[in-house]
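Structural characterization, general
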Amino acid sequence: MMKKMSIPTSKTSLVLFLCQIISALDVPLDLSQPPTITQQSPKDYIVDPRENIVIQCEAKGKPPPSFSWTRNGTHFDIDKDAQVTMKPNSGTLVINIMNGGKAEAYEGVYQCTARNERGAAISNNIVIRPSRSPLWTKEKLEPNHVREGDSLVLHCRPPVGLPPPIIFWMDNAFQRLPQSERVSQGLNGDLYFSNVQPEDTREDYICYARFNHTQTIQQKQPISVKVFSMDSLNDTIAANLSDTDIYGAKPVTERQPVLLTPTGSTSTKVELRGNVLLLECIAAGLPTPVIRWIKEGGELPANRTFFENFKKTLKIIDVSEADSGNYKCIARNTLGSVHHVISVTVKAAPYWITAPRNLVLSPGEDGTLICRANGNPKPSISWLANGVPIAIAPEDPSRKVDGDTIIFSHVQERSSAVYQCNASNEYGYLLANAFVNVLAEPPRILTPANKLYQVIADSPALLDCAYFGSPKPEIEWFKGVKGSILRGNEYIFHDNGTLEIPVAQKNSAGTYTCVARNELGKIQNDVQLEIKDPTMIIKQPEYKVIQRYGQVSFECIIKHDSTLLPTVTWLKDNDELPDDERFLVGKDNLTIMNVTDKDDGTYTCIVNTTLDSVSASAVLTVVARPNPPFDLELTGQLERSIDLSWIPGDENNSPITNFVIEYEDALHEPGVWHYQTEVPGTQTTVQLKLSPYVNYSFRVIAVNKIGRSQPSEPSEQYLTKSASPDENPANVQGIGSEPDNLVITWEPLKGFQSNGPGLQYKVSWRQKDVDDEWTSVIVANVSKYIVSGTPTFVPYEVKVQALNDLGYAPEPSEVIGHSGEDLPMVAPGNVQVHVINSTLAKVHWDPVPLKTVRGHLQGYKVYYWKVQSLSRRSRRHIEKKILTFRGNKTFGMLPGLEPYSSYKLNVRVVNGKGEGPASPDKVFKTPEGVPSSPSFLKITNPTLDSLTLEWGSPTHPNGVLTSYTLKFQPINNTHELGPLVEIRIPANESSLILKNLNYSTRYKFYFNAQTSVGSGSQITEEAVTIMDEVQPLYPRIRNVTTAAAETYANISWEYEGPDHANFYVEYRVAGSKEDWKKEIVNGSRSFFVLKGLTPGTAYKVRVGAEGLSGFRSSEDVFETGPAMASRQVDIATQGWFIGLMCAVALLILILLIVCFIRRNKGGKYPVKEKEDAHADPEIQPMKEDDGTFGEYSDAEDHKPLKKGSRTPSDRTVKKEDSDDSLVDYGEGVNGQFNEDGSFIGQYSGKKEKEPAEGNESSEAPSPVNAMNSFV
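All figures in this text were calculated on a predicted structure; none of them were measured in a lab.

The rules we used
- Throughout, residues of each chain are indexed from 1 in the direction in which the sequence is written.
- Reporting in this predicted model follows two pLDDT cut-offs: at least 70 for local features of residues, and 80 or more for side-chain atom pairs to be given and counted; totals over whole chains, interfaces and linings ignore these cut-offs and use all residues.
- With hydrogens and water stripped out, all remaining heavy atoms of the structure feed into the side-chain values.
- For helices the rule is a DSSP run of H or I covering at least 4 residues; for strands it is a run of E covering at least 2, with both sets numbered from the N terminus onward.
- The cut-offs for exposure are 20% and 50% of the maximum accessible area for each residue type, with area from a 1.4 Å probe on protein chains only; residues under the lower value are buried, those over the upper are exposed, and the others partly exposed.
- In this description, contact between two residues means that some pair of their heavy atoms is separated by no more than 4.5 Å.
- Residue exposure ignores everything except the shown protein chains as possible cover, and the areas themselves are Shrake-Rupley values with a 1.4 Å probe.
- Each salt bridge in this description consists of a side-chain nitrogen of Lys or Arg and a carboxyl oxygen of Asp or Glu lying within 4 Å of one another.
- What counts as a ring pair is set by centres within 6.5 Å for rings of Phe, Tyr and Trp (its six-membered ring), and what kind of pair is set by the plane angle: stacked under 30 degrees, edge-to-face over 60, tilted for all other angles.
- Any Lys NZ or Arg CZ that is within 6 Å of a ring centre and within 35 degrees of that ring's normal is treated as a charge sitting over the ring.
- Strands qualify as paired when DSSP identifies two bridges or more between them.
- Helix axes are fitted only over the stretch in contact, all axes being lines through C-alpha atoms; the angle between N-to-C directions runs from 0 to 180 degrees.
- Every residue is assigned a pLDDT by the predictor, reflecting its confidence on a scale from 0 to 100.
- Pairs of cysteine sulfur atoms within 2.5 Å are what we label disulfides.
- Without a salt bridge and with relative accessible area above 30%, a residue can belong to a patch; like charges are then joined within 9 Å and nonpolar side chains (Val, Leu, Ile, Met, Phe, Trp, Tyr) within 5 Å.
- Think of a nonpolar core as a cluster: buried Ala, Val, Leu, Ile, Met, Phe, Trp, Tyr and Cys residues, connected wherever their side-chain atoms sit within 4.5 Å.
- For the charge count, each Lys or Arg is scored as positive and each Asp or Glu as negative, with His and the chain ends excluded.
- Here a polar contact is recorded for every N or O atom pair within 3.5 Å, except that within protein the pair must consist of a potential hydrogen donor and a potential acceptor, and residues adjacent in sequence are included only if both atoms are side-chain atoms.

Now for the overall build of the chain. Broken down by element type, the chain carries six helices and 95 strands. Per-residue burial over the chain gives 44% buried out of 1271 residues. A separation of at least 24 residues holds for 66% of the contacts in the chain among residues at least 6 apart in sequence. Element-wise, carbon and sulfur atoms account for 51% of the exposed surface of the chain, whose accessible area totals about 65100 Å².

Let's shift gears to the environment of asparagine 72. Relative to the elements of secondary structure, asparagine 72 occurs in the loop between β6 (66–71) and β7 (74–75). Here asparagine 72 falls in the partly exposed class, since its relative accessible area comes to 48%. For asparagine 72 and valine 127, which are 55 residues apart along the polypeptide, the C-alpha to C-alpha distance reads 9.2 Å. Contacts of asparagine 72, omitting those with residues within four sequence positions, involve Glu107, Gly108 and Val109.

Turning to the pattern of salt bridges, a few remarks are in order. Enumeration over the complete set of coordinates arrives at 36 salt bridges. A salt bridge links arginine 182 to aspartate 200; the shortest N-O distance between them is 2.5 Å. Here the residue arginine 182 occupies a position in the loop between β15 (166–170) and β16 (183–185), and aspartate 200 occupies one in the loop between β17 (191–193) and β18 (202–211), the gap between them amounting to 18 residues. Salt bridges linked by common partners bring Arg147, Asp150 and Arg255 together as one network.

What follows is about the packing of aromatic side chains. All chains considered together, the criterion is met by 24 aromatic pairs. Centroid distance tyrosine 964 to phenylalanine 1007: 5.3 Å. Interplanar angle 15 degrees. Geometry classified as stacked. One end of the pair, tyrosine 964, is in strand β82 (residues 963–971); the other, phenylalanine 1007, is in strand β85 (residues 1002–1010), and 43 residues separate them in sequence. Summarising the burial analysis for this pair, tyrosine 964 and phenylalanine 1007 share the class buried. Connected via pairs of aromatic rings, a cluster forms that spans Phe168, Phe174 and Tyr208. Between the NZ or CZ atom of lysine 544 and the centre of the ring of phenylalanine 554, over which it lies, the distance is 5.4 Å.

A separate point is the sheet that holds strand β58 (residues 630–635). Here we have three strands laid out as an open sheet, ordered β58-β59-β62, and antiparallel in their pairing. Where the open sheet ends on each side, the last strands, each with one partner, are β58 and β62 (685–689). Between one strand and the next, the sheet's axes are offset by a mean angle of 25 degrees, whatever the strand orientation. Examined bridge by bridge, strand β59 (residues 641–647) and β62 share five bridges and lie antiparallel to one another.

Chain-level statistics for the chain give a pLDDT mean of 84 and a share of 84% at 70 or above. Between residues 7–24, whose pLDDT stays under 50, and residues either more than four places distant or in other chains, the model counts 25 contacts. pLDDT under 50 marks residues 1029–1033. Its contacts with residues more than four places away, or in other chains, come to three contacts.

With that settled, consider the sheet that holds β17. Two modes of strand pairing occur in sheets, parallel and antiparallel, and in both the strands are linked by backbone hydrogen bonds. The antiparallel open sheet is built from three strands, whose spatial order is β14-β17-β16. Either end of the sheet is taken by a strand with one partner, and the two such strands are β14 (152–154) and β16. Strand after strand, the sheet turns through a mean of 15 degrees between neighbouring axes, direction not considered. As judged from the three bridges shared by β16 and β17, these two strands associate in the antiparallel manner.

Per the stated rule, a full pass over the model turns up six disulfides. A disulfide bridge connects cysteine 281 with cysteine 329, and the sulfur atoms are separated by 1.8 Å. Because the torsion about its S-S bond is -65 degrees, the bridge between cysteine 281 and cysteine 329 counts as left-handed. With cysteine 281 in the loop between β23 (277–280) and β24 (282–286) and cysteine 329 in strand β28 (residues 325–333), this pair connects stretches of sequence that are 48 residues apart. Since its relative accessible area comes to 0%, cysteine 281 is described here as buried. One disulfide in the model links cysteine 465 with cysteine 514; its S-S distance is 1.8 Å.

A few words now on a nonpolar patch on the surface. A contiguous nonpolar surface patch, about 670 Å² in accessible area, is contributed by Leu1146, Leu1149, Ile1150, Ile1153, Val1154, Phe1156 and Ile1157. With respect to the helices, strands and loops of the structure, isoleucine 1157 is situated in helix α3 (residues 1135–1160).

Formed by 28 residues in total, the largest nonpolar core has its most connected members in Ile53, Ile55, Trp69, Ile95 and Tyr110. For this core, the secondary-structure elements that each account for two or more residues are β4 (53–55), β5 (57–62), β6, β9 (93–95), β10 (108–116) and β12 (126–130). Per element, the largest residue contribution to this core is three residues, and it comes from β10. Setting aside residues no more than four positions away along its own chain, isoleucine 55 makes contact with Ser41, Trp69, Gly91, Thr92, Leu93, Ile95, Tyr110, Ile126 and Ile128.

Within β10, seven of the nine residues are buried, leaving the element largely enclosed by the surrounding structure. In this structure, β10 lies alongside β12, joined through three bridges in antiparallel fashion. Along β12, the bridge assignment pairs tyrosine 110 with isoleucine 126.

Here the focus is the side chain of aspartate 464. For aspartate 464, the location among the structural elements is in the loop between β41 (461–463) and β42 (467–470). Although buried, aspartate 464 forms no salt bridge, and the nearest oppositely charged side chain, lysine 451, lies 4.7 Å from it. In terms of polar contacts, aspartate 464 uses its side chain to reach the side chain of threonine 447, at 3.4 Å.

As for its placement among the helices and strands, glutamate 1066 is situated in strand β89 (residues 1062–1069). Separated by 2.7 Å, the side chains of glutamate 1066 and arginine 1102 make a polar contact.

Considering the arrangement of structural elements, one finds leucine 463 in strand β41. Take leucine 463: its relative accessible area is 0%, and that puts it in the buried class. Put simply, leucine 463 and cysteine 514 are 51 residues apart on the chain and 9.2 Å apart in space, counted from C-alpha to C-alpha. In this structure leucine 463 touches Tyr453, Trp477, Gly497, Thr498, Leu499, Tyr512, Val527 and Leu529, once residues within four positions along its chain are discounted.

Here we take up unusual backbone geometry. Cis rather than trans, the peptide bond between threonine 261 and proline 262 has omega equal to -10 degrees. Here proline 262 is to be found in the loop between β21 (255–261) and β22 (266–272). Note that the residue after leucine 286, namely proline 287, is joined by a cis bond; omega there is 0 degrees. By the element assignment, proline 287 lies in the loop between β24 and β25 (290–295).

What follows is about the pairing of strand β61 (residues 669–680). Consecutive side chains of a regular strand alternate in pointing toward one face of the sheet and then the other. Bridge count between strand β60 (residues 658–665) and β61: eight bridges; the pairing is antiparallel. Within β61, the position partnered with valine 660 by the bridge is glutamate 678. Connecting β60 to the antiparallel partner β61 that follows it, the hairpin turn spans three residues.

Looking now at the environment of serine 932. Relative to the elements of secondary structure, serine 932 occurs in the loop between β79 (922–925) and β80 (934–940). The exposure class assigned to serine 932 is buried, which follows from its relative accessible area of 7%. Sequence spacing of serine 932 and threonine 955 is 23 residues, and the spatial spacing of their C-alpha atoms is 6.5 Å. A polar contact of 3.5 Å, which involves the side chain of serine 932, links it to the backbone nitrogen of threonine 955.

If you want it as structure tokens, here you go:
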């Protein structure tokens, strides 16, 4: 069965693994071999005297070895001591102390010997000593009376224990005594005071000694220390001396440093190689000295030097001979310095350079044992054979000793033995056993057959071939069943038989064969190598900054070999995650809910498989608003300033950017906090400016990127003295509210601005440009004073001065105001209108005299309205529009006029009070324009060679129609256009039959109307003649109609053709070369709403069907409506108008009932008769004799809406039906003007119920207009 082995991938693991393989090359236990010591107790063995003593000695060999012991150099017969036993099949001794034995009786030096027929191995000399924890000797401790500032040493002098105890100082409450640069414990356990202070007085300085082996603590008697201060000492002396005596203790004087330990200027120190070097300097002095260390002639070793006990102790770990030298400590304070030089010598107990190793030889072979060691002083080397000095050991002709080497030549089986090498100097010894085993054995491979090795790609692979044989076999490696011997730089062959592939690739997988051969035989073994894909973290956790109480997730997405089972572990700060339900570990992430400050740290994702391990870390920083500042302190109090300082709170991982200082005025506004100032986040003090007569409290708020902290606790209060006001009220104004008054207003001073009690105001005024004296009045703390009986709109000089019980504020500045305004008296004259084109006119007027304005001239308002349309006459409601022109402007433009219409206008002057009288109405007319497109074009009754066309007259004729123009041309199957035919049609026609057309042919038609000015926009349509009188199956989109509002348009059409067509609508601005914009119609419906259009813009639109290549409807043109004009008065909200509407509605209801009765009797309306008598569906004109309205057709109101009609059912406003935009010309009431007085706003409209002639349908109302115009 194949045995599986995973080879570690890290370099450290690889070295350890290789060392294990090398050290494991032992003689198989089924072969004869001398003993080998495998386990023994330490050389210096301190035991607990209360427990049994166990002295270990374990060994292996073939045959199994027997054991014996010596004690203090002589044989130790364990059979004669009932307290001592030896473990079976072992050399370990157990000395029974717990059943009556005494540990002191068994102190000594023990050595174990393991022996069989091939030799004897010995252990180290094991020194057994029981631990000791003696009590302190009784002693009488006198109290220590010390003068303040003197130095003091409290001696511990612990009892001598084994091992030495650990010393520490505590009080009666078992609390450690605080230590500092001034007070500290020395290496010898004494407590040193560089200088004593009154707070050092106490009676419970207790030194404790802890003996770890016996787990006991011994306590010294308490030591009392009494520190006398100079003041108390002087009082004591004065109480004991007469008045005539001269007395007085010297005050505490500063002293330069003096070393308490070590004494003198130099000392020496010897330390052993590899140990820790501790050097100490403790100094007395006032002020407390500071210690500094240097090495003369060199630098302190980096990475091995540490300072302890407030730099009084220099610690160097793992010392070597290079650390020998002179070390100087320097103690310094403000009065001087003192130094001490410690000469350090590093000695060395013996340490191995080459330890002897077991030697396996075949008969007749040669070999050597080498034992090399070093130390300071240099150790001596001695050899033993089977535990006996080699000089007196039995002779062996094959052996020769040469100092630290034993040379063997032509060994025989009797040459087998165990040799001991001893290297010793005055600081210790080393003892090593190494056997010589003479065997004749054919090769054997110790690695299991067919062992499976698995490694990660691009990692080293180590294939084991542990072997044994004597003579030593030669090892060869092969790959594959018939592979050749492996050689070259791709492989490394180790002496222990291991084959190393430094970088294993996928093609390295397979079967490897190890062959071992010597002169006695040959053997081989196969092992298997599998290469696995490495485990990778393809999405590593990332650095996160999260606010407190938020949620954060770390990702750890991995990729691994499919045959390996990974385990994912999350760590926080290299430790396990907290046992907290807020931590949710998912398949590939870690989520932390409700994050708190303690979650701050480094999170590591570790992925382990049996072959490799990868990890990735990310830092989580938890941020929050800062904690509030604290310990607010007021200093430097002056009348007009004070210093505020504070201590910042925790910034919670987000640096404080600034501090906001607020104040409370407990005198004027208690409980209300006001902003005072702010300072950078690095500043913790600020000088604040103060106002008189304010009871200040301050608080500080810290700010970081996360937000503001809670306010600090308020500071203490500080009341400033009263003073006269520093400033006067702001924003002083004089504006009349009535024609005969002047209202003087100001912004009152705030409480803290009053500077004192009794705040009042002195209000003064006089008429400007008149030699008048100032009139003054003193008022209470108010913000307004009214002067009555003033002339209308007269300039005044005004000023307001603050005062309180301590005096007046500085002289205030004067402002100019005016008494109240009245309505203007006269209307503008000489109003003239110049018509520029059919939609634009310019109006002029003469300005009114400024004296008649009686107020601030704000501008002029032009009221204008359409009286009637000259092409059609119908009832309509007057909609007055207003344009306002700011300033003293005397002309303006009237945009958005309707062609071929009659208008009236008047002009009024405007001031702050309102409008003046209107000028006489001025009448003007606009010329004809081009008409809009025909309202619809409908093609019906297709035959083999004819089509019937029907159309509606333009919604906006804009003049007298003269004719219609029809153009058409055939379209072939490739959508190419044929020759164009043009037909002129009289204006009174509404249908036409086209004959002599080609059968089964598609035609495109273009149709428009003309006035004397020119042709209007055209409407297009397509139709097909039939073939063999059968209804054509060609798809067709016809009768595309549009109904436009300001920003959207309703598009509808008719479709003939295959089912399930998917339609789309294309549109673009008319006359532009931009690309068509395309909107997809959901489903197969035949309507769509275009949104997001620009008001007052003409668009072209067409409809197409998806999947029918190039198939589209004819194009249609529409215009969006203008922005709504403002209205002066909405009469729909007036009570009289509502009543009138109700009466009219009732009258209409009665008429409808009468009409219904007459129709049921078969009668006709006069209106219907008129309709039948006239082909033109237009309404009748006004009668010329009396100006009354003729009857008009109501056919359009009652007939169902025809397909293709251009009037939508919801009566939304089309662009061509609405007024032109006024954005470029005027403004509404609230409009704005440029500096030259030109207007930049919108016009406003005014509804009035006045009869007027015109075509009602020529201006289709907006939804708002429709509501206001309903009668």
